[in-house]
Every structure is written in structure tokens, then in C-alpha cells.
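Residue-level structure breakdown
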Amino acid sequence: MSNLFSKIYPTTSLSSFGVNHQNLHSNSSTIRCCSNDEYSAGTEHNGYVLSSFPEKNLVPYQHGLVKPPRPKRIILVRHGQSEGNVDENVYTRVADPKVGLTEKGVEEAEESGRKMREMIEKDGGDDWKVYFYVSPYKRGIETLRNLAKSFDRSRIAGVREEPRLREQDFGNFQDREQMKIEKAVRARYGRFFYRFPNGESAADVYDRITGFRETLRSDIDIGRFQPPGQQSPNMNLVIVSHGLTLRVFLMRWYKWTVEQFEGLHNMTNGGMIIMERGYGGRYCLSMHHTREELQKFGMTDEMLIDQEWQKIAKPGELNYDCLITGPSYFTHFDDDDDDEDKKFEL
């Protein structure tokens with residue numbers, strides 16, 4: 001095991017993690033699963049729970065093994081103006097994933113990159129980096145490439161193309177007149193649940209974004225963005241995607257209702273929404289955005305009150321007094337009920 005360890009972490013010794021190599025099994029060639037041995041995954045050693053994921057275990061810090069710091073921000077970026085934003089007839093002859101940016105869209109992406117770098121540099125940290133998740137659609141990739149012009153190679157920690165961040169699927173090659181009819185039907189049926197023929201509803205997007213969210217949370221917990229021992233709290237995650245997809249991402253993250261989602265407005269092309277780490281460690285919109293900006297985005301007073309709680313809460317905590325969901329579902333309580341009866345777990 002020590003030989004394997006030295007190949008993976010040539011500058012780090014096992015003793016850095018409080019592990020005595022003499023206590024390891026002499027038969028190191030044996031692969032063990034679900035073992036009850038002293039150092040098996042999930043057991044506690046020197047006050048730390050060892051995980052089956054090496055990224056979680058092999059993170060040396062001066063005072064022992066601790067979870068990597070959470071990134072400073074999650075920055076949501078909508079792609080720049082696309083050819084389809086200007087002329088919907090494009091979709092009748094070009095597949096949606098192949099629709100690219102206009103010249104204005106390129107400029108919007110470049111401007112987004114400049115604003116992003118300026119915002120990050122105001123933090124004053126000298127070890128900051130950015131890590132990108134990007135939609136595989138052409139306009140998403142082109143937006144990434146142009147906003148990344150503002151960052152030196154040393155500032156880019158990595159990039160991952162993520163198909164789950166693609167645009168809502170409106171069907172294959174689109175007939176413009178038929179799409180007008182479909183969108184009119186959607187307005188009557190409901191924007192969240194209406195599924196386009198051979199395509200998706202926003203509810204379908206919600207399902208795949210749920211999977212991406214779990215991947216993102218795992219990446220944050222493990223600290224995948226930098227090598228073990230080099231993680232910095234000044235990491236910034238950037239998600240380059242599409243208008244509806246990003247609204248659904250926020251809906252899923254903050255547990256907004258369907259009605260609240262349908263009240264939201266699209267981001268502008270090249271626009272950004274910032275989820276910044278609050279005082280307790282959770283990601284909060286009101287750390288960066290003003291109340292007026294969030295109201296313009298379509299957030300209600302109840303959603304804004306919850307954001308103030310997000311600003312000071314710790315990861316894993318529940319807002320038992322949240323007004324977003326609980327009280328709105330029940331109509332049989334009197335106004336003078338005890339406070340305890342008004343608390344609902346999210």
C-alpha cells in the first residue's frame with residue numbers, strides 16, 4: 001500500500017495522516033471489501049471518519065484531516081446572444097445543439113468574463129481560481145471560450161462538459177409556425193409541466209438537474225477542483241448554461257415551488273447570477289445581489305426572507321420557519337395558533 005501511496009502522492013507520507021504503516025496488513029496484495037479492520041472505510045481513526053473515497057481521506061492539513069473548504073462562489077452564466085435568439089427560423093435548418101453565438105453574443109461573453117474577473121479580484125486573495133461546468137451546446141462552449149479570455153492559464157483549475165446542463169429540448173428540427181402553436185398551448189397548460197412533442201418539459205429538466213446537483217455537491221464535499229492539500233477557499237465555480245436550465249437549477253437548489261419558478265424571469269444573454277458563500281457556509285443570492293435585483297428576477301418576499309436565512313445558516317441546517325412552502329399548504333390553522341404549530345420542516 002505504501003508503494004501505491006507514494007506513486008499517487010510522491011511528496012506526502014502516510015504519517016501525515018496519522019497512519020502507521022506497520023499496522024497495515026502484511027498481505028497488501030489482497031483486495032478487501034466491507035472489512036471490519038481497524039482502518040476500513042467508514043470507521044473512526046484519530047477522531048476522523050475514514051471514507052472509501054481517497055479524495056476525502058488524503059487531504060493533509062496541519063491539524064489533521066478536515067473537509068476541504070467550500071468554494072467561494074457558484075457563478076451561473078447564461079450563454080451570449082445566439083443566432084436563434086435573433087432569428088427563430090434558424091431552428092428549422094440547424095439542430096439546436098449546433099446553434100452558435102452572434103458577434104454580439106461573443107462580445108457579451110467577453111464582457112461577462114471581464115466582470116467576473118473584476119468581481120473575484122475584489123476579494124483580495126492571491127490564490128483564487130475558477131473551475132467551469134459547461135453545456136455541450138455550441139453556444140455554451142463558445143460562451144465559455146470567450147469569457148475565459150479574461151483568465152490566465154494558471155487561474156483555470158479545470159473544466160467539465162456536462163450534458164445535463166443542456167438547453168430544454170424543444171424537439172428536433174423545429175417548424176416555426178408549429179412552435180408558435182405549441183408555445184401558446186404551453187401558456188394555457190403551464191410552463192413547468194408542458195412537454196413539447198419529441199422534447200422535454202421544465203419538469204424533465206428538473207429531473208436531470210437534480211442529478212447534476214448531487215454531482216456538484218459531491219465535488220464540493222470532496223474538493224475535486226484542486227489537488228489534495230492545495231484546496232483554497234478562494235475557488236470559484238462557474239456554470240455556463242441556458243436560461244431555463246439555470247432557473248431550474250436555482251429552483252432545485254433552494255427548493256422553490258412550481259408557482260415560484262413560473263414567476264421567475266430569464267437572465268439576459270451573457271448575464272450572471274451569483275450564489276456566494278454566506279457567513280455560515282451556505283450559498284446565498286443576497287450576499288451579492290441587492291433586494292431590488294432579486295425582485296426584478298421574480299423572487300417573492302417569502303423567497304427573499306429565506307435568502308436572508310441562507311446568509312447566516314450552516315450547511316445541513318433546516319429553516320423550520322421557512323415561509324416558502326410549509327404554511328402555504330395548510331389553511332385550517334387559526335392565526336393565533338402557537339408558534340410551534342407554525343413551524344414546518346423543509
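Residue numbers restart at each chain and count upward from 1, following the sequence in its written direction. In keeping with the predicted nature of the model, local features appear solely for residues at pLDDT of at least 70, side-chain atom pairs appear and are counted solely at 80 or more, and the whole-chain, interface and lining totals rest on all residues. Water and hydrogen atoms were dropped before computing side-chain values, which therefore reflect all heavy atoms in the structure.

Regarding the confidence of the model for the protein chain
The share of residues in the protein chain with pLDDT of 70 or more is 77%, and the mean pLDDT across the chain is 83. pLDDT: the predictor's confidence for each residue, scored from 0 to 100. For this analysis, residues touch if any pair of their heavy atoms sits within 4.5 Å. Across residues 4-9 the pLDDT falls below 50, and counting only partners more than four positions away or on other chains, this stretch makes seven contacts in the model.

Description of empty space enclosed by the protein
Once rolled over the atoms, a probe with the size of a water molecule shows which space is left empty. Cavities and pockets were defined on a 1 Å grid built over protein atoms only: a cavity is a set of grid points that admits a 1.4 Å probe from which the probe cannot escape, a pocket is an open set flanked by protein on both sides within 12 Å along at least five of seven lines, and lining residues are those with an atom within 4 Å of any such point. Grid points are joined across faces, edges and corners, and a volume is the space filled by probe spheres set on the points. All chains considered together, the criterion is met by one cavity of 30 Å³ or more. Here the largest cavity defines a volume of roughly 50 Å³. Every residue lining the largest cavity is listed: Pro69, Arg70, Pro71, Gly223, Phe225, Gln226, Gln231, Ser232 and Met235.

Overview of the sheet that holds strand S6 (residues 129-134)
DSSP bridges decide pairing: two strands pair if at least two such bridges lie between them. For the purposes of this entry, the term helix denotes a DSSP run of H or I that reaches at least four residues, the term strand denotes a run of E that reaches at least two, and both are numbered from the N terminus. Reading across from one edge, S7-S6-S8-S5-S9-S10 is the order of the six strands in this open sheet, with mixed pairing throughout. Edge positions in the sheet fall to strand S7 (156-161) and strand S10 (283-284), since each of these pairs with one other strand and no more. Inspection of the sheet shows strand S5 (residues 73-78) paired to strand S8 (residues 235-241) by six bridges, in the parallel sense. Bridge pairing links Leu76 to Ile239 in S8. Seen against the sheet, helix H7 (residues 202-222) touches S5, S6, S7, S8 and S10 and runs at an angle of roughly 165° to S8. In this analysis, axes come from line fits to C-alpha atoms, helices being fitted only over the stretch in contact, and the angle between any two N-to-C directions falls in the range 0 to 180 degrees.

Focus: the pattern of salt bridges
We define a salt bridge as a side-chain nitrogen of Lys or Arg found within 4 Å of a carboxyl oxygen belonging to Asp or Glu. Taken as a whole and assessed by the stated rule, the structure comprises 20 salt bridges. Where Glu276 meets Lys72, a salt bridge forms, and the shortest distance between an N and an O atom there is 3.9 Å. Of this pair, Glu276 sits in strand S9 (residues 272-277) while Lys72 is found in the loop between strand S4 (64-65) and S5, placing the two residues 204 residues apart along the sequence. In terms of burial, Glu276 and Lys72 fall into one category: buried. For the salt bridge of Glu110 with Lys149, the shortest nitrogen-to-oxygen distance reads 2.9 Å. Of this pair, Glu110 sits in helix H4 (residues 103-121) while Lys149 is found in the loop between helix H5 (138-147) and S7, placing the two residues 39 residues apart along the sequence. Three exposure classes are used, based on accessible area relative to the maximum for each residue type with a 1.4 Å probe and protein chains only: buried under 20%, partly exposed in between, and exposed over 50%. Assessed through its relative accessible area of 22%, Glu110 is described here as partly exposed. You can call Lys149 exposed: its relative accessible area is 57%.

Quick look at the packing of H4 against H5
For the pair H4 and H5, interaxial distance at closest approach is 7 Å and the crossing angle is 50°. What the angle tells us is that H4 and H5 run oblique. Where H4 crosses over H5, the two elements pack in a sense that is right-handed. Residues Val106, Ala109, Glu110, Gly113 and Met116 of H4 pack against Thr143, Asn146 and Leu147 of H5. When describing relative orientation, an angle under 35 degrees is termed roughly parallel and one over 145 degrees roughly antiparallel, while 65 to 115 degrees is termed roughly perpendicular and anything else oblique. Each helix crossing is assigned a hand: it is left-handed if the near helix lies turned anticlockwise from the far helix by less than a right angle, otherwise right-handed if that turn is clockwise.

Brief notes about the UniProt feature "binding site: substrate" (unreviewed entry) in the protein chain
UniProt positions are given in the numbering used here, feature names are shortened, and annotations may be inferred rather than shown by experiment. The UniProt record annotates "binding site: substrate" (unreviewed entry) at Arg78, His79, Gly80, Gln81, Ser82, Glu83, Gly84, Asn85 and Arg139. Leaving out residues up to four positions away in the same chain, Ser82 has contacts with Tyr91, Val99, Gly100, Leu101, Thr102 and Arg139. Structurally, the position occupied by Arg139 is in helix H5. Take Arg139: its relative accessible area is 1%, and that puts it in the buried class. Beyond its immediate stretch of four places on either side in the chain, Arg139 contacts His79, Ser82, Asp96, Val99, Gly100, Leu101, Glu167 and His242.

Some thoughts on the environment of Val134
Position of Val134 relative to the elements: it lies in strand S6. C-alpha of Val134 to C-alpha of Glu162: the two residues are 28 residues apart in sequence and 5.7 Å apart in space. Residue contacts for Val134: discarding those within four places in its chain leaves Gly140, Ile141, Leu144, Val159, Arg160, Glu161, Glu162, Leu165 and Val240.

Looking at the packing of aromatic side chains
The rule is short: rings of Phe, Tyr and Trp, with Trp giving its six-membered ring, pair when the centres are within 6.5 Å, and they are stacked under 30 degrees, edge-to-face over 60, tilted in between. Per the stated rule, a full pass over the model turns up 15 aromatic pairs. Summarising the aromatic geometry, the rings of Phe192 and Tyr206 are spaced 6.2 Å apart at their centres and angled 80° between planes, so their arrangement reads as edge-to-face. With Phe192 in the loop between helix H6 (176-189) and H7 and Tyr206 in helix H7, this pair connects stretches of sequence that are 14 residues apart. Exposure remark for Phe192: the relative accessible area of 5% places this residue in the buried category. Classification of Tyr206 as partly exposed rests on a relative accessible area of 22%. Relative to Trp256, the ring of Tyr254 has its centre 5.6 Å away and its plane inclined at 25°; by these criteria the two rings are stacked. For Trp256, a relative accessible area of 4% translates into the label buried. An aromatic cluster is present here, built from Tyr131, Tyr133, Phe212, Phe225, Phe249, Trp253 and Tyr283 joined pairwise through their rings. In this arrangement the basic side chain of Arg213 is found over the ring face of Trp253, its NZ or CZ atom lying 5.5 Å from the centre. Either the NZ atom of lysine or the CZ atom of arginine qualifies as a charge over a ring when it sits within 6 Å of the ring centre and within 35 degrees of the ring normal.

Some thoughts on the side chain of Arg73
Residue position: Arg73 is located in strand S5. Side chain to side chain, Arg73 and Asn236 meet in a polar contact 2.9 Å long. Think of a polar contact as two N or O atoms within 3.5 Å of one another; within protein, one of them needs to be a possible hydrogen donor and the other a possible acceptor, and neighboring residues in sequence only count if both atoms come from side chains. Within the local environment of Arg73, its side chain forms a polar contact with the side chain of Glu276, the two groups lying 3.2 Å apart. When near neighbours in sequence (up to four residues on either side) are disregarded, Arg73 contacts Met119, Ile120, Asp123, Met235, Asn236, Leu237, Ile274, Met275, Glu276 and Tyr283.

Details of the packing of H7 against helix H8 (residues 243-254)
Contact geometry of H7 with H8 gives a least axis separation of 9 Å together with a crossing angle of 65°. The two elements H7 and H8 cross, and the hand of that crossing is right-handed. In this structure, H7 contributes Ala202, Val205, Tyr206, Arg208, Ile209, Thr210, Phe212, Arg213, Glu214, Leu216 and Arg217 to the contact, and H8 contributes Leu244, Thr245, Val248, Phe249, Met251, Arg252 and Trp253. In the contact of H7 with H8, the residues fall into eleven nonpolar, two polar and five charged. Polarity classes work like this: nonpolar for Ala, Val, Leu, Ile, Met, Phe, Trp, Tyr, Cys and Pro, charged for Asp, Glu, Lys and Arg, and polar for all others, with Gly in that last group.

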